[in-house]
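As a plain string of letters, each chain reads:
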Amino acid sequence: MIPSLDPSKSNSHPKSTHSFKGWVQGLRGNNHVQFLQLRTEGKIIQVVAEKEFLGEDTFKQVKGLPQETSLVVEGILQENAKSPGGKELFLHSLQVVGESDQYPITPKEHGPDFLHNHRHLWLRSKRQLAIQRVRSELSFAIREFFRNDGYTLIDTPILTGSIGESAGTLFSTEYFDLGQAYLAQTGQLYLETAAFAHSKVYCFGPTFRAEKSKTRRHLTEFWMLEAETAFLNQEGNLDLQERFVKTVLKTTIERTLEDLKVLDRDPAPLLEQLAKTFPRVDYGEAIQILQTAGEDITWGEDINSDREQILTTHFGTAIFIQNFPRAIKAFYMKQNPNDPKTVHSADLIAPDGIGEIIGGSEREESYEKIVERLKEEGLPPEDYSWYLDLRKYGSVPHSGFGMGLERVIAWVCGLSHIRECIPFPRMIYRLSP
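Participant: So what exactly am I meant to see when it comes to the side chain of Thr207 here?
Facilitator: Take Thr207: it is sitting in strand S10 (residues 200-208). Judged by its relative accessible area of 3%, Thr207 is buried. With near-sequence residues (within four places) excluded, Thr207 lies in contact with Ala184, Gln185, Thr186, Thr220, Glu221, Phe222 and Met224.

Participant: Would you mind going over the pairing of strand S11 (residues 221-230) with me for this structure?
Facilitator: Two faces, one strand: in a regular strand the side chains alternate between the faces of the sheet. Extensive coverage of S11 is indicated by the burial of eight of its 10 residues. One ladder, built from nine bridges, connects S10 with S11; its direction is antiparallel. The residue of S11 that forms the bridge with Val201 is Glu228. Alignment of S11 against strand S16 (residues 398-404), held across seven bridges, turns out to be antiparallel. What sits directly across from Glu228, in S16, is Gly400.

Participant: Explanation requested: the pattern of salt bridges in the structure shown.
Facilitator: When charged atoms on two side chains of opposite charge get close, those side chains can pair. Considering all chains together, one arrives at 25 salt bridges under this definition. Residues Arg133 and Asp259 are paired through a salt bridge, measuring 2.6 Å at the closest nitrogen-oxygen approach. Separated by 126 residues along the polypeptide, Arg133 in helix H5 (residues 126-148) and Asp259 in helix H8 (residues 257-262) bring together distant segments of the chain. In this structure, Lys334 engages Glu365 in a salt bridge whose closest nitrogen and oxygen atoms are separated by 3.3 Å. Of this pair, Lys334 sits in the loop between strand S13 (319-322) and strand S14 (345-350) while Glu365 sits in the loop between strand S15 (355-363) and helix H12 (367-376), placing them 31 residues apart in sequence.

Participant: Help me out: how do you make sense of the packing of H5 against helix H14 (residues 405-413) in this one?
Facilitator: Helix packing geometry: the angle between the two helix axes and the distance between the axes. Contact pair H5 / H14: the axes reach a minimum separation of 10 Å and the direction vectors enclose 120 degrees. Here H5 lies oblique to H14, going by the angle between them. Relative to H14, H5 is oriented so that their crossing is right-handed. Touching Ile131, Val134, Arg135, Leu138, Ser139 and Ile142 of H5 are Leu405, Glu406, Val408, Ile409, Val412 and Cys413, all from H14.

Participant: I tried to follow the sheet that holds S11 on my own but got confused; where do I start?
Facilitator: Working definition: the strands of a sheet are paired by backbone hydrogen bonds and lie parallel or antiparallel to each other. Taken in spatial order, the eight strands make up an open sheet running S6-S10-S11-S16-S15-S14-S13-S12, and their pairing is mixed. At either margin of the open sheet sits one strand with a lone partner, and together these are strand S6 (152-153) and strand S12 (280-282).

Participant: Looking at this model, I keep getting lost on the sheet that holds strand S7 (residues 159-160). Mind explaining?
Facilitator: The three strands lie next to each other as S7-S9-S8, forming an open sheet whose pairing is antiparallel. A single partner strand is all that each edge strand has here, and the edge strands are S7 and strand S8 (172-174). With two bridges connecting them, S7 and strand S9 (residues 180-183) associate as antiparallel partners. Its bridge partner being in S9, Leu159 is matched across the sheet by Leu183.

Conventions used here
Residues numbered from 1 in each chain as written. Predicted model: local features only at pLDDT ≥ 70, side-chain atom pairs only at ≥ 80, totals over all residues. Heavy atoms only, no water. Helix = DSSP H or I, 4+ residues; strand = E, 2+ residues; numbered from the N terminus. Buried < 20%, exposed > 50% of the residue type's maximum accessible area, 1.4 Å probe, protein only. Contact = heavy atoms within 4.5 Å. Pairing = 2+ DSSP bridges. Salt bridge = Lys/Arg side-chain N within 4 Å of Asp/Glu carboxyl O. Axes fitted to C-alpha atoms, helices over the stretch in contact; angles between N-to-C directions. Parallel < 35°, antiparallel > 145°, perpendicular 65-115°, else oblique. Left-handed = near helix turned anticlockwise from the far one by under 90°.

Written as structure tokens, this is what we have:
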């Protein structure tokens, strides 16, 4: 068993011998002492190799170790506040497990195409180690939040015959003798059925969008958290979203402070933003603010990323934009009884150029209005008979939302491109490795 690198969890005698299995992350030193950075369990421990103690032959072997050689090292684990994890290993012996020859990713500067072509190896770098740990902690915090809040996890299908969003952004495939199947853009429609069984449900998994977009905020495959809650209206839905985002981000930051240091990300400004109430801005008000700022935009248009940035800068924090025009939103969103041209929907827009991280709405519970919207969208109601059944057998007000994981990771880590936030990014120009 590999001992913990957390000094607070170590109760071993200071002179006891420990062994670690890992890979050479880096090596520096002189002709008397070498400091070997060993990557083990995704973390770095410093191994101190002294020539006087090891002897000429073993010291020479250490000094000549190529990057990414795999090793088993043994020695005395001792406190050192300046070392990664607060400890270092004073080396007694080592065993080479696997040799490494001319590892392609060196400390010199590499271009993004080179690094993405070697993504399978780039994941070993310190920055990528830190980003993936943040992703892991954020994913755990999400599941933790919903478990603590009494939600049931529902695994929704990835292959589906129903369209949840725009048909123009679907990946399709032949499905035996049943015609076209699609990679799911959302689990929402299926999640709604489960909400009528369990009241409070969520799903968390891969989502696919065939958008021909090359922006720094888009992937063709990403992970999305979606939640559906029965007997919840629009205001309650926004309250839930704000509490959810603030809780999981604060938890993630607390658990990844050392990783954020590696990324040169000061969490203080983000924590200050999370301490504020997120303003709830009506779509019409947002259009007026943009017009005052000199933007050539009219009511009924979608708000693009540059304009989202203007709005978050105006308010100095993340904001909800709510009550979007009915014509530009999905068929399942509830028509606003106070303004039938709009729907009870909202997007949560993060600052710092991140943009929309959550889209949500109160769902339409009227059978007739759902059928009307399906026809307007050119979608055959018969393909949604199972979904329409929800409006026939005990329909209730209910609401939901979806959050893109990678954009939130970019916000936490202070990253400029979403492709850094997933182990193997899928973009319109990249399908490998």
